[in-house]
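Residue strings, one per chain:
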Amino acid sequence: MGTRLVAYTVGVALLVGGGAPAMAIEPGTMLDASTVEQVKDLLPPEIYGHFKKGDYLNKVVDFPNSRWQWDDGFDAASKWNAEHLTLDEHKAPVDKATGKRPDYIQGIPFPDITEDDPDAGYKVLWNLDYAYYTGGNSHNWTMLNWLSRGGVDRVSGQDVYFLYYDAQPKHYSPPKNPENLLFQFLALTISPADLQGTAALGYRYKDPTKRDMSWAYVPALRRVRAVSPANRSDGFLGSDQSQDDGFFFDGKPEDFTWKVVGHRDGMRFIDPDSVAGKVVRHPLPTGGWRTVSSNNDRSAGFQVKDWKGVSWAPVAAGMAKRKFWVLEGVPKDKYYLYDKLELWIDDFTWAGAWNRKFSWQGELLNVYQVTGFATAPYNDKERWWGSTFSMQLSENVKADRATVSGMNGPGDDPPNDRRIPLEPGFFDYQTLNRFGK
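This write-up is about the structure you can find in this document. (Residues numbered from 1 in each chain as written. Predicted model: local features only at pLDDT ≥ 70, side-chain atom pairs only at ≥ 80, totals over all residues. Heavy atoms only, no water.)

Some words on helix α2 (residues 74-84)
And then number 1: The complete set of buried residues in α2 reads F74, A77, S78 and N81. End-on view of α2: buried residues confined to an arc of 100°, all on one side of the axis. Of the exposed residues in α2, those oriented more than 90 degrees away from the buried face are D75, A76 and K79.
And then number 2: Residues of α2 that are buried sit in contact with β3 (85-87). (Buried < 20%, exposed > 50% of the residue type's maximum accessible area, 1.4 Å probe, protein only. Helix = DSSP H or I, 4+ residues; strand = E, 2+ residues; numbered from the N terminus. Arc of directions from axis to C-beta. Contact = heavy atoms within 4.5 Å.)

Description of the environment of Y133
And then number 1: Within the secondary structure, Y133 sits in helix α3 (residues 120-133).
And then number 2: Taking the relative accessible area as the measure of exposure, Y133 reaches 1% and is therefore buried.
And then number 3: Beyond its immediate sequence surroundings of up to four residues, Y133 is in contact with Y164, D166, A167, Q168, L182, F183, R204, F247 and D250.

Overview of the side chain of S394
And then number 1: Position of S394 relative to the elements: it lies in strand β20 (residues 392-396).
And then number 2: A polar contact of 3.0 Å, which involves the side chain of S394, links it to the side chain of N366.
And then number 3: Discounting residues that sit within four places of it in the chain, S394 has contacts with D240, Q241, D245, N366, V367, Y368, R401, A402 and T403. (Polar contact = N/O pair within 3.5 Å; in protein donor to acceptor, adjacent residues only side chain to side chain.)

Describing the nonpolar core
And then number 1: Ranked by internal contacts, the top residues of the largest apolar core, which has 58 residues, are F249, W258, L343, I345 and W350.
And then number 2: Counting residues per element, this core draws most heavily on α3, which supplies 10 residues.
And then number 3: Each residue touching W258, except ones within four places of it in the same chain, is listed here: G121, Y122, L125, F249, P253, L327, E328, G329, L341 and L343.
And then number 4: Of all hydrophobic cores here, the second largest spans 34 residues; its members include V60, V261, A316 and W344. (Core = buried A, V, L, I, M, F, W, Y, C linked by side-chain atoms within 4.5 Å.)

Points about the side chain of Q184
And then number 1: Within the fold, Q184 resides in strand β7 (residues 181-191).
And then number 2: On the accessibility criterion, Q184 (2% relative accessible area) is buried.
And then number 3: At 2.6 Å, the side chain of Q184 forms a polar contact with the side chain of Y165.
And then number 4: Sequence-distant contacts of Q184, defined by excluding residues within four places in its chain, comprise Y161, F162, L163, Y165, G202, Y203, P424 and F427.

Considering the pairing of strand β11 (residues 256-270)
And then number 1: For β11, the tally of buried residues reaches 12 of 15 residues, placing the bulk of the element in the interior.
And then number 2: The sheet contact formed by β11 and strand β14 (residues 318-331) spans 14 bridges and is antiparallel. Across the sheet, D265 pairs through a bridge with K323, a residue of β14. (Pairing = 2+ DSSP bridges.)

Let's talk about unusual backbone geometry
And then number 1: The omega angle of the peptide bond from S191 to P192 is 0°, so this bond is cis rather than trans.
And then number 2: For P192, the position within the fold is in the loop between β7 and β8 (199-205).
And then number 3: One non-glycine residue with positive phi stands out, namely K91, at about 70°.
And then number 4: Looking at K91, the relative accessible area reads 23%, which means it is partly exposed.
And then number 5: Although it is not a glycine, W350 adopts a positive phi angle of roughly 65°.

Quick look at the packing of aromatic side chains
Aromatic ring pairs: the centre-centre distance and the angle between the two ring planes describe each pair.
And then number 1: Under the criterion given, the structure shown has 31 aromatic pairs.
And then number 2: An angle of 10° between the planes, with centres 4.1 Å apart, marks the rings of W70 and F74 as stacked. In this pair, the class of W70 matches that of F74, namely buried.
And then number 3: Above the face of the F63 ring, R322 is positioned so that its terminal group lies 4.8 Å from the ring centre. (Phe/Tyr/Trp six-rings, centres within 6.5 Å; stacked < 30°, edge-to-face > 60°. Lys NZ or Arg CZ within 6 Å of the ring centre and 35° of its normal.)

Observations regarding α3
And then number 1: Relative to the 20 Å expected for 14 residues at 1.5 Å per residue, α3 spans 20 Å between its end C-alpha atoms, a close match to the ideal helical length.
And then number 2: Taken across its 14 residues, α3 has 14 buried, putting it largely inside the fold. (Expected span 1.5 Å × (residues − 1).)

Let's talk about the pattern of salt bridges
And then number 1: Evaluated as defined, the whole model comprises 28 salt bridges.
And then number 2: For D117, the salt bridge is made with K123, and the minimal N-O distance between the two is 2.6 Å.
And then number 3: Residue D117 is classed as buried on the basis of its relative accessible area of 17%.
And then number 4: R322 is the salt-bridge partner of D346, the closest N and O atoms lying 2.7 Å from each other. Residue D346 is found in strand β15 (residues 340-346), and its partner R322 is found in strand β14; the two are separated by 24 residues along the sequence.
And then number 5: Through salt bridges that share partners, R204, D212, R232, D244 and D250 make up one connected network. (Salt bridge = Lys/Arg side-chain N within 4 Å of Asp/Glu carboxyl O.)

Here it is as structure tokens:
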């Protein structure tokens with residue numbers, strides 16, 4: 001496979017300190033070929049290149065930390081974690097006193113991270129995971145768009161469910177967890193006709209030594225087949241987006257070697273209407289809430305008439321300056337598709353921004369670009385991400401194409417649901433064929 005290339009330069013000096021970073025460019029400024037030089041050192045080189053070539057065009061917005069608030073009790077849980085949690089020999093979170101993983105973890109597992117901690121990379125990644133998992137059980141209809149530079153090549157509709165056994169307010173999770181699961185996942189393909197009925201199912205276990213379990217049902221075979229967990233890095237349904245991409249990075253932290261290579265200011269895509277508080281939510285009759293994606297039909301360039309940039313450009317997004325932990329991850333599995341990952345993770349919201357993937361020869365192959373949001377209240381005790389659109393963009397750098405997901409599926413009020421009741425039996429692999437055609 002060749003020698004692993006793990007040393008590289010972040011590109012700017014390491015920065016330390018707390019709070020929202022000061023703006024280097026004024027909010028309201030259009031970031032384009034004429035202004036991007038002012039923020040060149042705050043962007044991954046390939047993203048700077050998109051702005052310089054006119055592929056991207058986004059307005060700078062202010063995103064202060066005050067626009068991010070957690071559920072009631074979340075901060076207290078994070079404080080408890082800081083006093084009681086550590087990493088075991090497998091780099092999994094455990095109680096310092098017992099050496100065992102707590103039955104239930106809420107809050108940020110490791111809120112007090114220092115750059116000189118040799119385990120800082122793992123701790124940042126656990127914070128990323130638990131900050132996202134706190135959003136809870138979900139159900140989404142989403143479109144997977146295969147894009148060339150000029151437009152859409154193919155579209156597939158996905159009906160996706162997640163059930164979490166940790167992190168969210170405890171009453172949303174199953175009362176029992178006999179298999180010691182962290183989460184279960186189900187994706188059903190609803191279109192086009194040649195893929196309809198395809199189903200993918202996955203289990204992740206809390207045990208750091210137990211690999212993910214994955215199954216697939218393919219209508220042409222009419223059988224449920226176990227799938228290797230190493231395949232999580234491969235393109236989902238032949239797209240440039242993988243299961244390990246997920247919400248930003250959804251691989252198992254213990255399956256990689258992680259280290260911090262930077263703590264620095266940078267810029268990221270953000271939903272400006274979310275920051276402005278223009279989020280509409282409504283309760284669901286069976287529990288949980290639905291968020292209305294008001295910008296669903298204009299989130300990417302291919303959806304906008306007379307757009308001159310690249311088809312996958314996140315045109316509805318703004319660009320906000322934030323502070324990031326920059327991690328380098330090397331997979332332990334030699335059959336993993338990539339040799340090295342570089343993750344940029346917000347050090348306050350713990351939301352990912354840029355996931356850069358490199359070949360075994362050190363070439364940049366893929367960049368996963370994720371839009372961030374502010375939080376929005378659901379009731380007087382609960383609040384989490386509130387978005388007027390969602391966009392996850394996986395760019396194949398070598399092939400000059402991309403896969404874009406996150407746009408809601410068809411219908412006047414498609415599912416974009418959180419903290420909904422889900423039963424473990426819904427994710428039974430033995431009856432996965434019930435979803436097939």
